[in-house]
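So the chains spell out like this:
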4 protein chains.
Amino acid sequence: MIRAKVIGAGGYGGVGIVELLLGHPGVEIACLVSATDTGMPASKLYPHLTGFCDLPILAPGDPAAQVKVDVVFTSTPDAVGMKYAPEILASGAKLVDYSGDFRFNTPAAYAEYATRIGLDPKHASPDLLPEAVYGLAELHRSEINTSRRVVGNPGCFAVSCILGLSPALKHHLVDPFSVICDCKSGVSGAGKKPNAAFHYPARYENMNAYKLAGHQHVCEIERELSLQAGQEVRVTFTAQVVPVCRGIMSCLYGQLIKDVKAAEVVALYREFYKDSAFVRVFDRSAAIGTIHVRGTNFCNLVVDVDERTRKLRVISHIDNLMKGQAGSALQNMNLLFGLPETTGLMRVGMYP
Amino acid sequence: MIRAKVIGAGGYGGVGIVELLLGHPGVEIACLVSATDTGMPASKLYPHLTGFCDLPILAPGDPAAQVKVDVVFTSTPDAVGMKYAPEILASGAKLVDYSGDFRFNTPAAYAEYATRIGLDPKHASPDLLPEAVYGLAELHRSEINTSRRVVGNPGCFAVSCILGLSPALKHHLVDPFSVICDCKSGVSGAGKKPNAAFHYPARYENMNAYKLAGHQHVCEIERELSLQAGQEVRVTFTAQVVPVCRGIMSCLYGQLIKDVKAAEVVALYREFYKDSAFVRVFDRSAAIGTIHVRGTNFCNLVVDVDERTRKLRVISHIDNLMKGQAGSALQNMNLLFGLPETTGLMRVGMYP
Amino acid sequence: MIRAKVIGAGGYGGVGIVELLLGHPGVEIACLVSATDTGMPASKLYPHLTGFCDLPILAPGDPAAQVKVDVVFTSTPDAVGMKYAPEILASGAKLVDYSGDFRFNTPAAYAEYATRIGLDPKHASPDLLPEAVYGLAELHRSEINTSRRVVGNPGCFAVSCILGLSPALKHHLVDPFSVICDCKSGVSGAGKKPNAAFHYPARYENMNAYKLAGHQHVCEIERELSLQAGQEVRVTFTAQVVPVCRGIMSCLYGQLIKDVKAAEVVALYREFYKDSAFVRVFDRSAAIGTIHVRGTNFCNLVVDVDERTRKLRVISHIDNLMKGQAGSALQNMNLLFGLPETTGLMRVGMYP
Amino acid sequence: MIRAKVIGAGGYGGVGIVELLLGHPGVEIACLVSATDTGMPASKLYPHLTGFCDLPILAPGDPAAQVKVDVVFTSTPDAVGMKYAPEILASGAKLVDYSGDFRFNTPAAYAEYATRIGLDPKHASPDLLPEAVYGLAELHRSEINTSRRVVGNPGCFAVSCILGLSPALKHHLVDPFSVICDCKSGVSGAGKKPNAAFHYPARYENMNAYKLAGHQHVCEIERELSLQAGQEVRVTFTAQVVPVCRGIMSCLYGQLIKDVKAAEVVALYREFYKDSAFVRVFDRSAAIGTIHVRGTNFCNLVVDVDERTRKLRVISHIDNLMKGQAGSALQNMNLLFGLPETTGLMRVGMYP
């Protein structure tokens, strides 16, 4: 059994990985750590865990939290995982970090990211950056292997955009400076901490765009798409919130520079993802919405061409807490330990 | 492997049992039957099933629907299952019916039920009524056994009320004519067929009571509670709809006729359900809502006494599509085949 | 023009009265006061006010907030209005207070209320209690007149229960110890301040009961119903939250002690409210929900008898922020200044 | 008093104009007509109208529906208003039609529109097309005057896009073939008739794009923007539905071809709309969402430039049933009768 520790267990990213680990045949949860709610059983904080996980929430420094484990999930904000990382790796455990801390491989790349979002540009564990891998298995499957120790789990919006655009950029279908990512997220993407914008009465009948000045996921989207394209890609990115709990729907656009039909593009996408169990490619006749990926690790792509304007249009659907967070984290853990990528993740979802 | 057939596969009760059977280690879905959407793959009707269940929806008379199976779930309205029943049993299969058809054991009891709700009082298969069992395992576990052939799966409101009140009636805590069931359901309880009352704009910011003249679940509630009490019990029942999708919260009241404290009543309830894995009993300090049972087969009971007015008050929470429908159906199937009651049902749920 | 000041302008009760005053032909808003968000224009805090009310939010002690006004609305928590009251009245203004501060007429009655909900039992302005009037116009219309200075605006749940039960108690239809108030509120009833229970992801698909140990509105419900009955009335009260924004639906039950039919009770209710423009009485054939009173000052009552169990059942629907708060406050202001009760309040609402 | 008749009174567009007319100082509702629900009082169909509008719903051919009126609102689907139009005009009444029937001025333009959306390309009243005016007052104010008889009320998505892009096209800020309209609508935009896609359980936690093959509002968007630009404009348009009831948020993009800063563009927009009371222009620092225009006739525009990619980005917010439908209809009626454009429409909205 793989023994797992979850740091940041109190938040949605934490409870999400706990739910998944409880259903994984090869993992046992060793301990749960959080800076808040310490001492409380996880099942008091999250009553649906009653009888499934009644472990106490431990403070980071609690001796009981120092048990030997094989993998640590840091479901923590930026600049936290990077502080824990050296100690975690020294103990022999592998690390899957949810934040931007290990999504970049050089101090300079990290500094650019951190600067854009107003954080200290200095990374606390710069020595570890070169060995970190960007945890989007569909693009980096072979690099996320048993010899790897550190994974930077991708951002939720980034997952939806990168999966939705990579085949087009790789095949040079679109002008790399024409790309627009119009991204709608459910409210759970903002986490568990109450705030005025996500108070029920302020939100139930509201939609709005936010962070127009720049969103933290743009760096990784542009980096990954540029890697696929072999040239610089810049995207216009608009983050929006709508009153669903789980779900991201990203409408992705690019000016076509090749004379392709929709059916050809659909075929290219299917070929690109033929080994990726969690990506499903549909043409525009499919009646797909975010509810069809809710609670699952799937990314459903509707691939289309607007002939009148020669635009590529891809609608990318994920569950932001699954493929956009805990699901990808478990997928990465599976790869780190040489397990089939889909172990514990091939769930059908629930409808309605 | 138990081979299962689902009749009424197109509705919420049908897709619910399909989801559960896909995760059950000992069942294989043999075929799906519905009067509508025939010919369509289940995964076109319900895209989240893509790759999990791509079987076609067959018309009832389709030759391919006549394969030999071990169990049939009839997720159909009143007066449908009773027509299929003789043929199903003759084929050697067991039957779990979702409607009121097999919740009563005599033609007279059925006639009273049918009359109350405006149906033909004549049962189509009266010979089968004596061998049917009311499928609420918590009260009839020993009767739902391998020698049984027909189960009448209980109504969703009924499950919440009967589980919430049985210990009190059995222990003669309350006046049997004082019982009030104030029951709130999510919208999925009304099924999949669109109608004006459940059109999103009419519903999203609305709550209302309905069927004040009489609800079809009252008969079975009074029958089961009377059985527990050993005397006639009559309930005042108010069905309400609120804008959640899944969930029933029933507030249950009775005039106390014994001098008991809340803690004693909690203890009585825990004792009553000590062998029932899916019933959790809490005192009033617990912060429990319907979201904590969503997607699961649990019934969470908050047991309380209002000392100022000497009223018993129980808040009963279930997922109407799980413990209130498909979950109970699978629990019954497990018992019919001698499997552990919880097989394929011990799921943690998802939050948020 | 009546000049009005709103203290607590930043909350839902504050913005609610601002919206109403903007549409009132005889009132001008003189200033807005709040302990938070001071300095900000009201239309920055509430962008829908842009161009309608761009007044700044003033701190309570701001000199600009000391202008002479005719009426003050204190949309503030318990124990705040009572501190401002002497100064307000001394300035010649009348006071409509939203809290429990002026709902009781003796220090002892206030102390009982305050004690029940964990507040200091000592009232800060006990001399003013005898002259305060309970601001439910339908029962105290003649007392809320131009010679009155202080109104204690009623609690939202209380409005729904008292309007729904007063005719029955006055006519001695029900056992005064049998009354049950099963009350469902929308989330706006909890106010504007974000908290974990009303964070969108925690709330959108959840319903729950709360404060089972005792709710602050019970005192005024029992006091008012006892006044109607001419004898002590005790109620069992269950507060619940469901995911709507605006709306209270209270299901009210009592054991009938008179041999009356539903139609007679409906007639009694219509007679009781014949001079009350904001109360509409329906029989159980009406398809009424909370959405039909949203944004209005109406209380819609569905009046019914359960013949099988001899229970009175009344379903009471209000908008908790209107008839349950700002609407009643304006209705009271109208009466205090000798205006027609309905001035500025006879609005049709919006659907859907 | 202007006497008004509403055809299609049973739908959301019909009840919307009824609500507005009830609050208009210069209009009296003469009669309500619908093909369904005939004979029923409007207040039975829409209980919130009780006491405000209890007129019966009349069949189109009912003699009582033939009374003389000054204005007719046809809140009807495509190809209905064009049939009624000659008779309405012959009676001396003016016509405001909600459909595409009178949004185009030539049979050929109509035929192109009708063909695109699968309707008969032949217009039933082609003689009237030249005198029809497109009812977007902000662009055609002077043409919607007392000598005009027929107004084609604009489509809801079209209003949001045209208002959001007209200043940019007029000032040649963007490449006219680069424009992308990513449009999210609330569910009420689909009307009152229940269907599977808008059944509450299918919708509450879902978002999806639809009509990727082409939406009926694209024709009028391109026509109006081309008029502003003085050259052909083509847009890529993506219609989406999210689970709000009222509201459209359109994110509008174009490749900048002029060297302008965000502040200059904001200034251009403010100048463009300086005489338009219902358009408010904000820069990207504003925290604006659709809830801030709910129930009102306002269009809130957030105007922005993405400097990194040189894209214009405008976020346009309207209430689809107000500025997107009944609100614009009343605004047009005001202009047709020489009243101030804002009469009966300058409403503050409601929050939350």
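Each value, and the rule that gives it
Residues numbered from 1 in each chain as written. Chains lettered and ligands numbered in written order. Predicted model: local features only at pLDDT ≥ 70, side-chain atom pairs only at ≥ 80, totals over all residues. Helix = DSSP H or I, 4+ residues; strand = E, 2+ residues; numbered from the N terminus. Contact = placed C-beta atoms within 7 Å. Domains from an automatic or database assignment. Nonpolar A, V, L, I, M, F, W, Y, C, P; charged D, E, K, R; others polar. Core = buried A, V, L, I, M, F, W, Y, C linked by C-beta atoms within 7 Å. Buried ≥ 20, exposed ≤ 12 C-beta atoms within 10 Å, placed from the backbone. Least-squares fit on C-alpha atoms with pLDDT ≥ 70 in both. pLDDT = per-residue confidence, 0-100. Axes fitted to C-alpha atoms, helices over the stretch in contact; angles between N-to-C directions. Parallel < 35°, antiparallel > 145°, perpendicular 65-115°, else oblique. Pairing = 2+ DSSP bridges. Expected span 1.5 Å × (residues − 1). Bend = angle between axes of the 7 residues up to and from the residue. Right-handed = clockwise from strand over helix to strand, strands pointing away. Left-handed = near helix turned anticlockwise from the far one by under 90°.

A. The arrangement of the overall build of chain A in detail. Counting secondary structure elements, chain A contains ten helices and 14 strands. For the C-alpha atoms alone, the extent of chain A along its principal axes is close to 65 × 45 × 40 Å. Across chain A, contacts joining residues at least 24 apart in sequence account for 69% of those joining residues at least 6 apart.

B. Region of interest: the domain arrangement of chain A. Residue and element names in this part refer to chain A. Domain assignment breaks chain A into domain 1 (2-154 + 323-336) and domain 2 (156-322). Listed per partner, the contact involves 21 residues of domain 1 and 28 residues of domain 2. Taken together, the elements giving at least two residues each to the side of domain 1 that touches domain 2 come down to α1 (12-22), α4 (107-116), α5 (137-140) and α10 (322-336). Tallying contributions element by element places α10 first for the side of domain 1 that touches domain 2, with seven residues. Of the residues contributing to the side of domain 1 that touches domain 2, the split by class is eight nonpolar, eight polar and five charged.

C. Examining the nonpolar core more closely. Core analysis: the biggest nonpolar cluster contains 508 residues, and Leu 301 of chain A, Leu 301 of chain B, Leu 301 of chain C together with Leu 301 of chain D have the highest contact counts within it. Apart from residues lying up to four places away in sequence, Leu 301 of chain A is in contact with Leu 163, Gly 164, Tyr 269, Val 279, Arg 280, Val 281, Phe 282, Val 314 and Ser 316 of chain A.

D. Molecular detail of the relation of the copies chain C and chain B. The transform that puts chain C on chain B rotates by 180 degrees and translates by 0.0 Å along the axis, for an RMSD of 0.0 Å. Classification of the inter-copy transformation places it as that of a two-fold axis. Same-surface contact between copies: 100% of interface residues of chain C are shared with the interface of chain B.

E. Region of the structure containing the confidence of the model for chain A. For chain A, the average pLDDT comes to 97, and 100% of its residues sit at 70 or higher. Under the prediction, the complex receives an ipTM of 0.97, its pTM being 0.98.

F. Fine view of unusual backbone geometry. Pro 352 of chain B follows Tyr 351 of chain B through a cis peptide bond whose omega is -5 degrees. Mapped onto the fold, Pro 352 of chain B is located in the segment after α10 (322-336). Positive phi outside glycine occurs at Ala 79 of chain B, with the angle close to 75 degrees. Take Ala 79 of chain B: it is sitting in the loop between β4 (71-74) and α3 (81-90). What makes Ala 79 of chain B partly exposed here is the crowd of 16 C-beta atoms within 10 Å. Of note in this structure, Asp 37 of chain C is not a glycine but carries a positive phi near 60 degrees. Inspection of the secondary structure puts Asp 37 of chain C in the loop between β2 (27-33) and α2 (42-45).

G. Here's a closer look at the relation of the copies chain D and chain A. The two copies are related by a screw operation: chain D maps onto chain A through 180 degrees of rotation and 0.0 Å of translation along the axis, at an RMSD of 0.0 Å. In this assembly the copies share their binding face: 97% of the residues contributing to the interface of chain D also contribute to that of chain A.

H. Representation of the environment of Ala 132 of chain D within the structure. Residues and elements named next belong to chain D. Inspection of the secondary structure assignment puts Ala 132 in the loop between α4 (107-116) and β6 (133-134). According to the C-beta neighbour criterion, Ala 132 is buried, with 23 such atoms within 10 Å. Expressed as a C-alpha distance, the spacing of Ala 132 and Arg 149, which sit 17 residues apart in the sequence, is 7.4 Å. When neighbours within four sequence positions are excluded, Ala 132 is seen to be in contact with Phe 102, Asn 105, Val 150 and Gly 152.

I. Representation of the packing of helix α6 (residues 156-170) of chain A against α10 of chain A in the model. All names here are of chain A. Between α6 and α10, the shortest axis-to-axis distance is 8 Å and the interhelical angle comes to 100 degrees. Overall, the two elements α6 and α10 adopt an arrangement that is roughly perpendicular. Here α6 contributes Cys 156, Val 159 and Ser 160 to the contact with α10, which in turn contributes Lys 323, Gly 324, Gln 325 and Ser 328. Here the contact of α6 with α10 is built from residues that sort into two nonpolar, four polar and one charged.

J. Fine view of the sheet that holds strand β14 (residues 311-318) of chain D. All names here are of chain D. Here seven strands make up an open sheet; going across it, the order is β9-β10-β8-β11-β14-β13-β12 and the pairing mixed. Strands with a single pairing partner mark the edges of an open sheet, and in this sheet they are β9 (208-210) and β12 (279-282). Strand after strand, the sheet turns through a mean of 25 degrees between neighbouring axes, direction not considered. Relative to the sheet, helix α6 (residues 156-170) contacts β8 (179-185), β10 (235-241), β11 (248-255), β12, β13 (299-306) and β14, its axis offset from that of β11 by approximately 35 degrees. Sitting on the sheet, helix α8 (residues 218-229) touches β8 and β10, and the angle it makes with β10 is about 140 degrees.

K. Inspection of α6 of chain A at higher detail. All names here are of chain A. The end-to-end C-alpha distance of α6, which contains 15 residues, comes to 21 Å, matching closely the 21 Å that a straight helix rising 1.5 Å per residue would cover. In α6, a bend of some 30 degrees at Gly 164 exceeds every other bend along the element, and Pro 167, a proline, comes one to four places later. Within α6, 14 of the 15 residues are buried, leaving the element largely enclosed by the surrounding structure. Note on α6: the residue one or two positions beyond its end, His 172, has a positive phi of about 55 degrees.

L. Examining the pairing of strand β4 (residues 71-74) of chain A more closely. All names here are of chain A. Alternating positions in β4 separate into two faces, Val 71 and Phe 73 on one and Val 72 and Thr 74 on the other, with burial throughout. Note that strand β1 (residues 2-7) and β4 share four bridges and pair parallel. Bridge pairing in β4 links Ile 7 to Thr 74. In terms of strand pairing, β4 meets strand β5 (residues 94-97) through four bridges, oriented parallel. Considered in β5, the bridge of Val 72 is made with Leu 95. Each parallel crossover has a hand, and for β4 linked through helix α3 (residues 81-90) to β5 it is right-handed.

M. Region of the structure containing the sheet that holds strand β12 (residues 279-282) of chain B. Residue and element names in this part refer to chain B. Strand order in this open sheet of seven strands is β9-β10-β8-β11-β14-β13-β12, and the pairing throughout is mixed. Each having just a single partner strand, β9 (208-210) and β12 make up the two edges of the open sheet. This sheet shows a mean twist of 25 degrees between the axes of neighbouring strands, independent of strand direction. Relative to strand β13 (residues 299-306), β12 runs parallel, the two sharing four bridges. When the sheet's bridge partners are listed, Arg 280 is paired in β13 with Asn 300. Running over the sheet, helix α9 (residues 262-272) touches β12, β13 and β14 (311-318) and is turned about 150 degrees from β13.

N. Expanded view of the interface of chain C and chain B. Contact residues are listed per partner, giving 39 residues for chain C and 39 residues for chain B. Here the side of chain C that touches chain B is composed, by residue class, of 19 nonpolar, eight polar and twelve charged.

O. A look at the packing of α6 of chain D against α8 of chain D. Residue and element names in this part refer to chain D. The geometry of α6 relative to α8 is characterised by a closest axis approach of 9 Å and an angle of 20 degrees between their N-to-C directions. Taken as axis vectors, α6 and α8 run roughly parallel relative to one another. The handedness of the crossing between α6 and α8 comes out as right-handed. Listed contacts from α8 to Ala 158, Cys 161, Ile 162, Leu 165, Ser 166, Leu 169 and Lys 170 of α6 are Glu 220, Ile 221, Glu 224, Leu 225, Gln 228 and Ala 229. Looking at the contact of α6 with α8, its residues break down into eight nonpolar, two polar and three charged.

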